[in-house]
Amino acid sequence: MNADVIRIERPTTSSKLFAHTRWDAIPTAAGLFHLAYLLGLYFVFPHTPLWAMLVLGFVYSLMINANINGVGHNFIHNPFFRSGLLNRLFGVTQSIACCFSQTMYDAVHMQHHKGNSDRQDENGDTIDWLSIYRHGDDGEAENPWSYVFLSFFRDDVGAIRKELRKRNNGDDFWGKLELAAFATTLLVMTIVVPTNPIHFINWRFILFFLPFWYLGHCFSYLNGYYRHYGANPEKPIAWGVSSYGKIYNWLFFYNGYHAEHHLLSSKSPVESGALALQIFFEASAQFFFFRFAVLL
Ligand SMILES: [Zn+2]
Ligand SMILES: [Zn+2]
């Protein structure tokens, strides 16, 4: 075996529904549960005391983080279904659940893998739009507070759509459709108060909901920050920072194996194949769902 190239066999399944493994029923159910939870928030709001709603809203925020970095991330690298249409429809459900666009997240995330949280070049630019160095000074990582709370507003929809158009596979259309789907859902939730009889102008709910939506995406950026803070963009083996805690990895569908994920997702040869293999096998010994961990 060539020491500089790591090959991992992709799992195969005889399932007619799932493309890679029947285990993907778990992240699929988790994603759909997140969507049901959002709808649940909307319907119980008029009948539930505020203190309880604040708890439920906070849980929704945590779920955005787990969904984006767990379910959504796995889905980008391994679309769950054999049917292309089913993958598209699942992307729409993900988009409504997180109130973003799963397909646009795909473009941003693949850009993340191109740059691997790179440092600024001589023009002050980074390949990775999410790089923690992109808005930092003097070659340092940006401070976590501004990264976490400002990244939500930094998405460049024009650049994202340009990437999606380049793919020429319908992603640009579906990205727009997903944005329209979540915007329409929020609009209906803003207009209709789900009481019997129904009332109109649900300003209390939307005032409650928007901060938790924003907070959920901030949690996701917080997660991303510490998956790269302390990493070394110059060393492929240290592109990401891993966490091997069992509970974290169960909640985030093995997103904790982030250094391994960046290394193995890269097509470039690693600097030291032997060292990479050693790290990889030590990590994989702890894997429960092997595929979740490597996310190839
Ligand atoms: Zn990835
Ligand atoms: Zn990363």
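Counting of residues starts from 1 at the beginning of each chain's written sequence and follows it residue by residue. By the order in which they are written, chains take letters starting at A while ligands take numbers starting at 1. A pLDDT threshold of at least 70 governs which residues receive local features in this predicted model, and a stricter bar of 80 or more applies before side-chain atom pairs are shown or counted, although totals over entire chains, interfaces and linings include all residues.

Moving on, we get to the overall build of the protein chain. A tally of helices and strands in the protein chain yields twelve helices and two strands. Here a helix means four or more residues in a row that DSSP labels H or I, a strand means two or more in a row labelled E, and each is numbered from the N terminus. N-terminal to C-terminal, the α/β element order of the protein chain is α-α-α-α-α-α-α-β-β-α-α-α-α-α. Across the 296 residues of the protein chain, 35% fall into the buried class. By the convention adopted here, residues are in contact when the distance between their C-beta atoms, placed from the backbone, does not exceed 7 Å. For the protein chain, the proportion of contacts with a sequence separation of at least 24, taken over those separated by at least 6, is 61%. Exposed residues have 12 or fewer other C-beta atoms within 10 Å of their own C-beta, buried residues have 20 or more, and partly exposed residues fall in between, where C-beta atoms are placed from the backbone.

Here we take up the nonpolar core. Tyr60 and Cys98 are the most contacted members of the largest nonpolar core, which has 33 residues in total. Elements that contribute at least two residues to this core include exactly helix H1 (25-44), helix H2 (50-77), helix H3 (84-98), helix H4 (102-115), helix H6 (157-167), helix H7 (171-191) and helix H8 (203-226). If we skip the residues at most four places from it in the chain, Cys98 touches Ile64, Asn67 and Ile68. Put simply, a nonpolar core is buried Ala, Val, Leu, Ile, Met, Phe, Trp, Tyr and Cys residues tied into one set by C-beta atoms within 7 Å. Among the nonpolar cores identified, the runner-up in size contains seven residues, and Ile132, Tyr133, Tyr147 and Val148 belong to it.

Glancing now at the environment of Ser101. Relative to the assigned elements, Ser101 resides in the loop between H3 and H4. For the pair formed by Ser101 and Ala181, sequence separation is 80 residues and the distance between their alpha carbons is 9.1 Å. In this structure, Ser101 is in contact with Ser95, Gly175, Glu178 and Leu179, ignoring residues within four places of it in sequence.

Between H1 and H3, whose axes approach to 8 Å, the crossing angle comes to 45°. Overall, the two elements H1 and H3 adopt an arrangement that is oblique. Pair H1 / H3 crosses with left-handed handedness. For the pair H1 and H3, contact is made by Thr28, Gly31, Leu32, His34, Leu35 and Leu38 and by Phe90, Thr93, Gln94, Ile96 and Ala97, respectively. Residues are grouped as follows: Ala, Val, Leu, Ile, Met, Phe, Trp, Tyr, Cys and Pro are nonpolar; Asp, Glu, Lys and Arg are charged; all remaining types, including Gly, are polar. Broken down by class, the residue content of the contact of H1 with H3 amounts to six nonpolar, five polar and no charged. Interaxial angle, 0 to 180 degrees, is taken between N-to-C directions of lines fitted to C-alpha atoms, where a helix line uses only the stretch in contact. Here the angle decides the label: under 35 degrees means roughly parallel, over 145 means roughly antiparallel, 65 to 115 means roughly perpendicular, and every other value means oblique. Crossing handedness: left-handed means the near helix sits turned counterclockwise from the far one by under a right angle, and right-handed means the same turn made clockwise.

Attention shifts here to the confidence of the model for the protein chain. Looking at the protein chain as a whole, the pLDDT averages 89, with 86% of positions reaching at least 70. The quantity known as pLDDT measures the predictor's confidence residue by residue, on a range of 0 to 100. Predicted confidence for residues 1-6 stays below pLDDT 50, and this span has ten contacts to residues more than four positions away or in other chains. A low-confidence stretch, residues 285-296 (pLDDT under 50), is modelled with 28 contacts involving residues beyond four sequence positions or located in other chains.

For the rest of this paragraph, the subject is helix H10 (residues 258-265). Counted residue by residue, H10 has six buried out of eight residues, so it is predominantly covered. Taken residue by residue, H10 has His258, Ala259, Glu260, His261, His262 and Leu263 as its buried positions.

Contact pair H4 / H6: the axes reach a minimum separation of 9 Å and the direction vectors enclose 90°. If you check the angle between H4 and H6, you find them roughly perpendicular. Packed against H4, whose contacting residues are Thr103, Met104, Ala107, Val108 and Gln111, the element H6 presents Ile160, Glu163 and Leu164 at the interface. Along the lines of polarity and charge, the residues of the contact of H4 with H6 split into five nonpolar, two polar and one charged.

Residue position: Gln94 is located in helix H3. Counting along the chain gives 30 residues from Gln94 to Ile64, while the straight-line C-alpha distance between them is 9.8 Å. Residues within four places of Gln94 in sequence aside, it is in contact with Gly31, Gly72, Phe75 and Gln102.

For the rest of this paragraph, the subject is unusual backbone geometry. Of the consecutive residues Asn196 and Pro197, the connecting peptide bond is found in the cis state with omega at 0°. For Pro197, the location among the structural elements is in the loop between strand E1 (192-193) and strand E2 (199-200). A positive phi angle, close to 55°, is found at Cys99, a residue other than glycine. Residue position: Cys99 is located in the loop between H3 and H4. Residue Cys99 is classed as buried on the basis of its 20 C-beta neighbours within 10 Å.

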